[in-house]
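Residue-level structural notes
Listed below, chain by chain, are the residues.
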Amino acid sequence: MTALLTADWCQYGKDSYMRKTEVYSMDWLNEVDLDTSILTPAPFGGPIAVRRDRSKLAEVKFSGKPIVTVYTASGRKLETFLWNNGNIVETGWSCSDELLFIQEDGCVLTYDMFGNYQHTFSMGQEAQELSVIEGKIFSTFYGSDSITGVAVLTKAYRIFIVSNVKEPKVRRLPVIPGPNVRPNAWAVICKDRQILVLVARGQELYLLNPSEPQAIQQKYLNIDSMNIGTMRISVLNIAVSQDYSCVAMQTDMGQIWIGSSDLDKNYRIYDTRASHPSKQLVWCGTFAVLGVWDSKVTVIGKLDHSLNLNFPYDWPVHLVQEVDCVRVVSTFSTDIIQQVPLVVQEIFRVDSTSPGSNLFEASKQFQKQSHRADDYIQQVKPDLQLAITQCIQAAGHEFNPVHQKMLITAASFGKVFSADYNPEKYVEMCRILRVLNAVRDPKIGIPLTYTQLKEYLTVPTLLDKLIARRQYYLAIQAAKYLRLSGKEDGSHILAHWAFYKVKQTSVDRDTIAEEIASKLGNNPGVSYTEIAKKAADYGRTQLAIKLLDYEPRASLQVPLLLRLGQDRTALQKAISSGNTDLVYTVLLHLRDNMSSLRELQMEIRKFPLAQALYLKYCKEHNKDALRDIYLQEDDHLEQAACYIRDVYNPKNDLAKQVVLVSAQEAYKRGKNDLNAALCDEQLRLLNHQKSLEENFKRGFVNLSLHDTIKTLLEIGEVKLADKLRSEYKVPDKRYWWLRIMTLAANDQWRDLENFSKSKKPPIGFEPFVDVCLERGKPEEAQKYFSRIKEENKVKYYIKLGMHEEAAKLAFAQRDRESLRFIQAKADKSVAVKIAPLLAALEEKK
């Protein structure tokens, strides 16, 4: 059995093996002729773009214009589209499986794999004017990030590069010194996030660095070990490994120079002894170079002691360089040539004694019910965990599901004898293998290796590739099976499926909306608003509106409804949400986009909450609009209130009489006679104030009635003050207080005394005492003391500091609380006299 597992192995070094595995029989049989076609395969088992090689004669069955057909790696047709743009110089794929076309005019056009145009960028004005004759599309990998770049060679033999097609910034490389001759070959090398170009021209090599002002000439390739002496040779072809660490150069003498990409190390010089150069030269990982001579694929090991292998074919082939292997595409099949992983060698190699090999043999014997299974288990027990790990890892590197099952079964058998083995890696490998086998199926056609998935792509990137191929169901099932969470779960896959559905213009919008809603449901990771935006971008406005009905978040619904011109619906949704900020958003949008404020007011009057919020807004920001609304609604009282606010607004420059008249009329129309009368009184007061201001040359306007009378009293115009008092029926108590305070403030103590004798004060004589004390005139206060009410005399004795008299009066009034208060306030001599008085009151109690 083991011999069958290693039947396709070929030794090419002391302990190294290569194998060729057929992964697909091509579905494109009789459709694609490799002799007359240009194949552009995408990396990582990606699709293959095929177009006719216009430099070769071929029968044209349809239009004379170029036709581009995209196939899966298994030869299944994805799409065919007619090329109606400029002359194609080069075709390639981006890391996200977008098809790039470099045209002669320097434009780079991007399409998806189904022929849908995405975007265009230019390689610069100079490239456009000079025309492009060659182009290269390259990718770089920085951890989980991958970037695609473009380099072009113009007719003037100048090279321009764009390091990232997502952010195209054109840079011109240094000029190659010497005669203006077309390079024999050139290749892009990406090292330490820097893009370099290695150029072979004639017998010279140059390294072009965009950060250097001049091209750097490299050493000649002197093939001394081939007994050619110091003969200088020319490079015809340059192949760079996928990680840009190694380079292989094919010379015009038939040799292949293999070394490091900085040309400092020479690993091997191989003489092909061929009369013509290889059709293709590619790297298989970093350990071998593959070339095509006639119908034979030759594997050239990187090191001198490596053996060279030949894989013969009876038909033309195309080599696809991958990070860890080479895909060999032909009319009939797709094969993978790769180095046999070390862990697989250790298990399946003849006479291997590794723990994994013994565990695998023990599992086979156990299935045969042979007692030898126990012998193998005893041998492997000291290294049982290592053996289990080796079987699990080897299963990942196998393409054949039968072989995978044998190795996984062996690992499962070993776990029985290990009580402390962590099964996480075992479970993870089972899941990964199931997903890998699903995507490798010819119907999907992505022949990924385990190394490519784990070390370069990652599972989320694989899901993105399935999404790009519209394999939504498989992507969702894979995400569920691998138990992905967060942004990597099935939600974003459903969203992409919905984006695809809204593009289908041939399907009724109601049908699409219902289908999307039934699939997505209330999935929290999917936004119906984003799907509606896509529908709107594709011109399907009614579908977008329909989809928004399923969006539960009004904060997302409303802005898009406004963008789609559904103003009334947006207002209704905002009001229903109860979010006032959202209602204000709609109102401000309506204000800015409607032809007139009147139209806005007519619209929002149908929605009481919206109208109330708009009125609140207008009160703070737009008084004119507020008055217009009240006028429109015949709300006379609110109109009057607006006028009143204007009267007392210090920033208002309008004539206050005019505004007050308007307010008075509005109150009359609103049948509020009291407020109308108040407006009339205020108008009369304003007229009085203006007259006073003219007569006395001091400010009266805008003062209150109280302050107007007070000001008149301060300047001695008692008659005018009395007149205003009578006209406006100012209460006597208020007026007396004003007179008292004004006279005291002016130190008119005699006038104050005379005023107290004019007639009986309605406020009593206590205020006279208070104002005198406030002004620091206790002698004046004593003039009114005898006329104070008896019940208040104790308090005023205390205010005057006459504690002994206050105590006697309090004793006479039998007021114990006042006595205690006086005792606390008085000095010690008086406090001593109060003590027996308090005692006497306590006895009488």
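For the structure, check the block above.
Nothing here was measured: the structure is a model prediction, and the numbers come from that model.

**Structural notes on the sheet that holds strand S28 (residues 325-330)**
Read across the open sheet, the five strands follow the order S1-S2-S29-S28-S27; overall the sheet is antiparallel. The sheet is open, and its two borders are formed by strand S1 (9-11) and strand S27 (317-321), each paired with just one other strand. When the angles between neighbouring strand axes are averaged without regard to direction, this sheet yields 25°. In terms of strand pairing, S1 meets strand S2 (residues 17-25) through three bridges, oriented antiparallel. In the sheet register, Cys10 faces S2, and the bridge partner there is Met18.

**Structural notes on the nonpolar core**
Core analysis: the biggest nonpolar cluster contains 97 residues, and Leu359, Ile516, Ile531, Leu547 and Leu571 have the highest contact counts within it. Once you skip the residues sitting within four places of it in the chain, Leu547 turns out to touch Val502, Ala513, Ile516, Tyr528, Ile531, Ala532 and Ala535. One finds Ile176, Ala185, Ile189 and Val199 within the second-largest nonpolar core, a separate group that totals 33 residues.

**A word on the sheet that holds strand S17 (residues 204-208)**
Taken together, four strands build an open sheet; the order of strands is S15-S16-S17-S18 and the sheet is antiparallel. The open sheet has two free edges, formed respectively by strand S15 (185-191) and strand S18 (216-217), since each of these has just one partner strand. Pairing analysis gives two bridges linking S17 to S18, with the strands arranged antiparallel. Across the sheet, Leu207 pairs through a bridge with Ile216, a residue of S18.

**Observations regarding the packing of helix H26 (residues 718-727) against helix H27 (residues 732-745)**
Axes are the key here: two packed helices are described by the angle between their axes and the distance separating the axes. Two elements in contact, H26 and H27, have axes separated by 12 Å at closest approach and are oriented at 160°. In this view, H26 runs roughly antiparallel relative to H27, as classed from their interaxial angle. Handedness of the H26/H27 crossing: right-handed. Contact with H26, carried on its side by Val718, Ala721, Asp722 and Arg725, involves Asp732, Tyr735 and Arg739 of H27 and no other residues of that element. Here the contact of H26 with H27 is built from residues that sort into three nonpolar, no polar and four charged.

**Describing the side chain of Glu98**
Structurally, Glu98 is set in the loop between strand S7 (88-93) and strand S8 (99-103). Exposure remark for Glu98: the relative accessible area of 14% places this residue in the buried category. Among all residues touching Glu98, those that are not within four sequence positions of it are Gly92, Trp93, Thr110, Tyr111, Gln118 and Lys166.

**Regarding the pairing of S28**
Of all six residues that make up S28, six are buried, and the element is covered over most of its length. Where S27 folds back onto S28 in an antiparallel hairpin, the turn is made up of three residues. Across five bridges, the pairing between S28 and strand S29 (residues 333-339) is antiparallel. The residue of S29 that forms the bridge with Arg327 is Ile336. Hairpin connection of S28 to S29: two residues between the antiparallel strands.

**Side note on helix H31 (residues 793-800)**
Counting buried positions along H31 yields six of eight residues, so the element is predominantly enclosed. Along H31, the residues classified as buried are Lys793, Val794, Tyr796, Tyr797, Ile798 and Leu800. Just downstream of H31 lies Gly801, where phi reads positive at about 85°.

**A few points about the layout of surface pockets**
A probe as big as a water molecule, rolled over the atoms, marks out the empty space that is left. By volume, the second largest pocket is sized at about 1000 Å³. As for the second largest pocket, its lining consists of 39 residues, and the residues nearest its centre are Ser96, Glu98, Asp464, Ala468 and His496. Of all elements in the fold, only strand S10 (117-122), strand S11 (132-142), strand S12 (145-154), helix H9 (450-457), helix H10 (459-468) and helix H12 (491-502) reach the threshold of two or more residues within the lining of the second largest pocket. Ranked by residues supplied to the lining of the second largest pocket, first place goes to H10 with five residues. Tallied by class, the residues present in the lining of the second largest pocket amount to 17 nonpolar, 12 polar and 10 charged.

**Comments concerning the pairing of strand S4 (residues 48-52)**
Counting buried positions along S4 gives four out of five residues, so the element sits mostly inside the fold. Bridge count for strand S3 (residues 37-41) against S4 is five bridges, and the pairing is antiparallel. In the strand pairing of S4, Thr40 is matched with Ala49. What sits between the antiparallel neighbours S3 and S4 is a turn of six residues, in which Phe44 has the positive phi angle 55°.

**What about the pattern of salt bridges?**
Within this structure, the stated rule accounts for 15 salt bridges. Between Arg201 and Glu204 there is a salt bridge whose closest N-O contact spans 3.3 Å. Its relative accessible area of 23% is what places Glu204 among the partly exposed residues. Residue Lys454 is joined to Glu428 by a salt bridge in which the shortest nitrogen-to-oxygen separation is 2.9 Å. With Lys454 in helix H9 and Glu428 in helix H8 (residues 424-440), this pair connects stretches of sequence that are 26 residues apart. A relative accessible area of 38% places Lys454 in the partly exposed class. What makes Glu428 partly exposed here is its relative accessible area of 38%.

Conventions we followed
- Residues numbered from 1 in each chain as written.
- Predicted model: local features only at pLDDT ≥ 70, side-chain atom pairs only at ≥ 80, totals over all residues.
- Heavy atoms only, no water.
- Pairing = 2+ DSSP bridges.
- Helix = DSSP H or I, 4+ residues; strand = E, 2+ residues; numbered from the N terminus.
- Axes fitted to C-alpha atoms, helices over the stretch in contact; angles between N-to-C directions.
- Core = buried A, V, L, I, M, F, W, Y, C linked by side-chain atoms within 4.5 Å.
- Buried < 20%, exposed > 50% of the residue type's maximum accessible area, 1.4 Å probe, protein only.
- Contact = heavy atoms within 4.5 Å.
- Parallel < 35°, antiparallel > 145°, perpendicular 65-115°, else oblique.
- Left-handed = near helix turned anticlockwise from the far one by under 90°.
- Nonpolar A, V, L, I, M, F, W, Y, C, P; charged D, E, K, R; others polar.
- 1 Å grid on protein atoms, 1.4 Å probe; cavity = no way out; pocket = protein on both sides within 12 Å on 5 of 7 lines; lining within 4 Å.
- Points joined across faces, edges and corners; volume = space filled by probe spheres on them.
- Salt bridge = Lys/Arg side-chain N within 4 Å of Asp/Glu carboxyl O.

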